[in-house]
Number of protein chains: 2
Amino acid sequence: MLETEATPSADRPAVILVRPQLSENIGTTARAMLNCGLTELRLVAPREDWLSEKAVAASSGAHALLEGARAFASTEEAIADLHRVYATTGRNRFMVKPVVTPHQAASELRRHIGAGLACGVLFGPERTGLENDDVALADVVVTVPLNPDYCSLNLAQSVLLIAYEWYQAGGPAQPRAMTKGAAPVAEKRDLVGFFEHLERELDGCGFFRAPEKRPVMVRNIRNMFERADLTQQEVRTLHGIVHELVTWRKKKGEEMPS
Amino acid sequence: MLETEATPSADRPAVILVRPQLSENIGTTARAMLNCGLTELRLVAPREDWLSEKAVAASSGAHALLEGARAFASTEEAIADLHRVYATTGRNRFMVKPVVTPHQAASELRRHIGAGLACGVLFGPERTGLENDDVALADVVVTVPLNPDYCSLNLAQSVLLIAYEWYQAGGPAQPRAMTKGAAPVAEKRDLVGFFEHLERELDGCGFFRAPEKRPVMVRNIRNMFERADLTQQEVRTLHGIVHELVTWRKKKGEEMPS
């Protein structure tokens, strides 16, 4: 069977281009991916048509990936069904998150996928890279060690290096990691749902006193919970904690004599 | 010192493009090289001017490598002063020569150069690759393991993968590990202080409905936060979150008419 089908498959990571600017770069990305056996391409708010003539020409035969690509309105939606997300960045974001090389990322991705987790790697727009809000949604940051005096990879080259390391790390399937027993890992949609619940309540109680600081505080809070590697059950527990604190508050309010 | 000078240096391999067709590809090759600290470019019978506007634009700031590039009439002349030559090929040439991966080539090149040997890597023309006569001049063949159903790297991508492995095989550029910057990690006493604060409030609002389940629930909640590898600042934020939810609840309770 040819490895040219773009069917989402759980046995390899999805490549997620966030707000790519040029359709040609989506084509060259597809080409880089297929060289290394990656077939699932997701696009967040692409500016141009990823099935344009330019894109198809640039894909150099890997057009099946373009045809199978799925577009999403937001990064949150694009990663909703994934369990582990890696964010590629060219510079240090000073977030409290593990930072790994492509080589380390590849071996971690193999391990996660071997354990049945759906994985994806985020790549930012051509000139600017990922925004901090996108990085905050990821579990791990990947940075390519390069000449510190000249780091200038284009989009498809960045994808190529990650995909290359993924392919080189292949071999016999690795044993399932059973650290958490049978507890199913939370999907990103569950996590984002909890973030929104918590942030709604924090807005309600006036936690964000200075509105201009809200974005960075939200990002910091999200980062904390991202790092905890939560299970589905744990996300339910967190919902319960926030819900109970708030519900009791309302009940108490009703019961309390004025 | 900026690593943008194209002076031939014996401490890293030369990249030798054999009969490259498009000047643009020479520019993108220079860019790929400089990302990985390679600075010496040699050209065998290039068809176009490697200092053309297109080439310089494609080099994206790495034009010093183009200016320092040297052209030769034949592969023999281009490798005359080298001790060890590697030839990149996309398919097996069935010659009696060692065939290595880029990863292996990088470690061999480091070893040769450490022993004072001058090294170079040959790359063939865009569509056809190296001719067998060029390959015959090399000591070792390098082939990138890729998807057997789709191998389609362009010239600069092939150079990038070899240069990338070269750079990764070096000592100094290893991972930066965790990017906590100056953020001090929470001590366990801070963490326990937060646990006790949270659990007191959860007791207060009746979160633990079944008393016999309280110990295991407490343990599970503590585990979640333990895994998040919190900083001192983050523990303060978590205190703030719980405090605000509760304070607002009490205030609301007082204000609310019965």
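Please refer to the structure placed before this passage.
Residues numbered from 1 in each chain as written. Chains lettered and ligands numbered in written order. Predicted model: local features only at pLDDT ≥ 70, side-chain atom pairs only at ≥ 80, totals over all residues. Heavy atoms only, no water.

### A look at the sheet that holds strand β6 (residues 119–123) of chain A
Residues and elements named next belong to chain A.
- Sheet architecture is open: 7 strands sit in the order β3-β2-β1-β6-β4-β7-β5, paired in parallel fashion. Two strands bound the open sheet, and with one partner strand each, they are β3 (70–72) and β5 (99–100).
- Contacts between helix α5 (residues 102–114) and the sheet are confined to β4 (84–88), β5, β6 and β7 (140–142), with β4 contributing the most and set at about 165 degrees to the helix. (Pairing = 2+ DSSP bridges. Helix = DSSP H or I, 4+ residues; strand = E, 2+ residues; numbered from the N terminus. Contact = heavy atoms within 4.5 Å. Axes fitted to C-alpha atoms, helices over the stretch in contact; angles between N-to-C directions.)

### With respect to helix α1 (residues 23–35) of chain B
Residues and elements named next belong to chain B.
- The end-to-end C-alpha separation of α1 is 19 Å, in line with the 18 Å expected for 13 residues at 1.5 Å each.
- Within α1, 11 of the 13 residues are buried, which leaves the element mostly enclosed by the surrounding structure.
- Three or more residues of α1 are buried, namely Ser 23, Asn 25, Ile 26, Gly 27, Thr 29, Ala 30, Arg 31, Ala 32, Met 33, Leu 34 and Asn 35.
- Gly 37 occupies a position one or two residues after α1 and carries a positive phi of about 75 degrees. (Expected span 1.5 Å × (residues − 1). Buried < 20%, exposed > 50% of the residue type's maximum accessible area, 1.4 Å probe, protein only.)

### Structural notes on the environment of Ala 62 of chain A
- Following the sequence through the fold, Ala 62 of chain A ends up in the loop between α2 (53–59) and α3 (63–68).
- Through-space distance from the C-alpha of Ala 62 of chain A to that of Arg 31 of chain A is 5.4 Å; in sequence the pair is 31 residues apart.
- Those residues in contact with Ala 62 of chain A that lie beyond four places of it in its chain are Ala 30, Arg 31 and Leu 34 of chain A together with Tyr 150 of chain B.

### Section: the pairing of β6 of chain A
Residue and element names in this part refer to chain A.
- The buried fraction of β6 is high, at 5 of 5 residues.
- Burial along β6 is two-sided: Cys 119, Val 121 and Phe 123 facing one way and Gly 120 and Leu 122 facing the other are all buried.
- As paired strands, strand β1 (residues 14–18) and β6 are joined by 4 bridges and run parallel to one another. Looking across to β6, one finds that Ala 14 is bridged to Gly 120.
- Alignment of β4 against β6, held across 4 bridges, turns out to be parallel. Bridging from a neighbouring strand, Val 85 pairs with Gly 120 of β6.

### Looking at the pairing of strand β2 (residues 41–44) of chain A
All names here are of chain A.
- Judged by which residues are buried, β2 turns out to be covered on both faces: Leu 41 and Leu 43 on one side and Arg 42 and Val 44 on the other are all buried.
- Note on the crossover from β1 through helix α1 (residues 23–35) to β2: the handedness is right-handed.
- Two strands pair when backbone bridges link them, and β2 and β3 are joined in this way by 3 bridges, in the parallel orientation. Paired with Val 44 across the two strands is Phe 72, which belongs to β3. (Right-handed = clockwise from strand over helix to strand, strands pointing away.)

### Let's talk about the state of the cysteines
- All chains considered together, the criterion is met by 0 disulfides over all chains.
- With no disulfide of its own, Cys 151 of chain A has Cys 36 of chain B as its nearest cysteine by sulfur position, at a separation of 9.3 Å.
- Classification of Cys 151 of chain A as partly exposed rests on a relative accessible area of 48%. (Disulfide = S-S within 2.5 Å.)

### Considerations on the packing of α5 of chain A against helix α7 (residues 155–168) of chain A
All names here are of chain A.
- Running from N to C, α5 and α7 cross one another at 55 degrees; their axes reach a closest spacing of 8 Å. Taken as axis vectors, α5 and α7 run oblique relative to one another. At the point where α5 passes α7, the crossing takes the right-handed sense. Contact residues: Pro 102, His 103, Ala 106, Leu 109, Arg 110 and Ile 113 in α5; Leu 161, Ile 162, Glu 165, Trp 166 and Tyr 167 in α7.
- In terms of residue class, the contact of α5 with α7 is built from 8 nonpolar, 1 polar and 2 charged. (Parallel < 35°, antiparallel > 145°, perpendicular 65-115°, else oblique. Left-handed = near helix turned anticlockwise from the far one by under 90°. Nonpolar A, V, L, I, M, F, W, Y, C, P; charged D, E, K, R; others polar.)

### Some details on the environment of Cys 151 of chain A
- Among the structural elements, Cys 151 of chain A can be located in the loop between β7 and α7.
- Separated by 61 residues in the primary sequence, Cys 151 of chain A and Gly 90 of chain A have C-alpha atoms spaced 7.8 Å apart.
- Ignoring anything within four residues of it in the chain, the contact list for Cys 151 of chain A reads Leu 146 of chain A together with Asn 35 of chain B.

### Remarks on the packing of aromatic side chains
- Under the defined criterion, the tally for this structure stands at 8 aromatic pairs over all chains.
- On the basis of an interplanar angle of 50 degrees and a centroid distance of 6.4 Å, the ring pair of Phe 194 of chain B and Phe 195 of chain B is categorised as tilted.
- For Phe 195 of chain B, a relative accessible area of 2% translates into the label buried.
- Between Phe 194 of chain B and Phe 225 of chain B, the ring centres sit 5.3 Å apart and the planes meet at 75 degrees, which makes this aromatic pair edge-to-face. With Phe 194 of chain B in helix α8 (residues 188–204) and Phe 225 of chain B in helix α9 (residues 214–227), the pair connects residues that are 31 residues apart, well separated along the chain. Neither residue differs from the other here; Phe 194 of chain B and Phe 225 of chain B are each classed as buried.
- An aromatic cluster is built from Phe 194, Phe 195 and Phe 225 of chain A together with Phe 194, Phe 195 and Phe 225 of chain B, whose rings are joined through pairwise contacts. (Phe/Tyr/Trp six-rings, centres within 6.5 Å; stacked < 30°, edge-to-face > 60°.)

### Some words on the pattern of salt bridges
- Applying the stated criterion across every chain, the model contains 28 salt bridges over all chains.
- We note a salt bridge from Glu 187 of chain A to Arg 189 of chain A, for which the minimum N-O separation is 3.1 Å.
- According to the relative accessible area criterion, Glu 187 of chain A is partly exposed, its value standing at 22%.
- A residue is classified by how much of its surface remains accessible, and Arg 189 of chain A, at 46% relative accessible area, is partly exposed.
- Residue Arg 70 of chain B is joined to Glu 40 of chain B by a salt bridge in which the shortest nitrogen-to-oxygen separation is 3.0 Å. (Salt bridge = Lys/Arg side-chain N within 4 Å of Asp/Glu carboxyl O.)

### Some remarks on the side chain of Asp 134 of chain B
All names here are of chain B.
- Relative to the elements of secondary structure, Asp 134 occurs in helix α6 (residues 132–136).
- Take Asp 134: its relative accessible area is 5%, and that puts it in the buried class.
- Those residues in contact with Asp 134 that sit more than four places away from it in its chain are Val 18, Arg 19, Thr 75 and Leu 122.

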